[in-house]
Amino acid sequence: MKPTRQEVLLSIIAFALCAIAIKLIFFGPSTRGDMAAISKIQNADEKKAAIESFMNRIPIVWVRGGDIDATVTGSVDVSGSAVEIDR
């Protein structure tokens, strides 16, 4: 029996969600603890490589044509028409 379009689409979505979950589990975004660990590295070459890896994992948020209101408590309000997240 030939799979329907819906079955194929749902299979693609399932594989994509599994890939996202694996990426988040094993290659998650940088944390404050990662930066603390980097500060303890004594070797300059290792420290430079660790900082580069740290910076590559930080997500970048672009807001075009809007405003960002960030508070000290950690809440962020974004108003605008276009918000993009890179990396």
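So, here is what we can say about the structure in this document.

Thresholds, definitions, all that
- Residues numbered from 1 in each chain as written.
- Predicted model: local features only at pLDDT ≥ 70, side-chain atom pairs only at ≥ 80, totals over all residues.
- Heavy atoms only, no water.
- Helix = DSSP H or I, 4+ residues; strand = E, 2+ residues; numbered from the N terminus.
- Buried < 20%, exposed > 50% of the residue type's maximum accessible area, 1.4 Å probe, protein only.
- Areas by Shrake-Rupley, 256 points an atom, 1.4 Å probe, with all protein chains shown as cover.
- Axes fitted to C-alpha atoms, helices over the stretch in contact; angles between N-to-C directions.
- Parallel < 35°, antiparallel > 145°, perpendicular 65-115°, else oblique.
- Left-handed = near helix turned anticlockwise from the far one by under 90°.
- Contact = heavy atoms within 4.5 Å.
- Nonpolar A, V, L, I, M, F, W, Y, C, P; charged D, E, K, R; others polar.
- Patch = residues over 30% accessible without salt bridge, like charges linked within 9 Å, V, L, I, M, F, W, Y side chains within 5 Å.
- Salt bridge = Lys/Arg side-chain N within 4 Å of Asp/Glu carboxyl O.
- Expected span 1.5 Å × (residues − 1).
- Polar contact = N/O pair within 3.5 Å; in protein donor to acceptor, adjacent residues only side chain to side chain.

What to know about the overall build of the chain
Okay, step 1: Within the chain, the regular secondary structure consists of three helices and four strands.
Okay, step 2: Counting across all 87 residues of the chain, residues that qualify as buried make up 5%.
Okay, step 3: Working note: accessible area of the chain is about 7,700 Å², and carbon and sulfur atoms make up 63% of it.

Section: the packing of helix α2 (residues 32-39) against helix α3 (residues 44-57)
Okay, step 1: Two elements in contact, α2 and α3, have axes whose closest approach is 10 Å; the angle formed by their N-to-C orientations is 165°. Compared by their axis directions, α2 and α3 come out roughly antiparallel. Crossing angle aside, the handedness with which α2 passes α3 is left-handed. Contacts from Asp34, Met35, Ile38 and Ser39 in α2 reach Lys47, Ala50, Ile51, Phe54 and Arg57 in α3.
Okay, step 2: Classifying every residue of the contact of α2 with α3 by side-chain character gives five nonpolar, one polar and three charged.

Focus: a nonpolar patch on the surface
Okay, step 1: On the surface, Leu9, Leu10, Ile13, Leu17, Ile20 and Leu24 cluster together into a nonpolar patch covering about 590 Å² of accessible area.
Okay, step 2: Inspection of the secondary structure puts Leu10 in helix α1 (residues 5-26).

Quick look at α3
Okay, step 1: The end-to-end C-alpha separation of α3 is 20 Å, in line with the 20 Å expected for 14 residues at 1.5 Å each.
Okay, step 2: Two or three places before Asp45, at the opening of α3, Asn43 has a side-chain oxygen 3.0 Å from that residue's backbone nitrogen.

Considering the environment of Asn43
Okay, step 1: Within the secondary structure, Asn43 sits in the loop between α2 and α3.
Okay, step 2: Within the local environment of Asn43, its side chain forms a polar contact with the backbone nitrogen of Asp45, the two atoms lying 3.0 Å apart.

So far we have only geometry, and geometry alone does not tell us how the molecule works.
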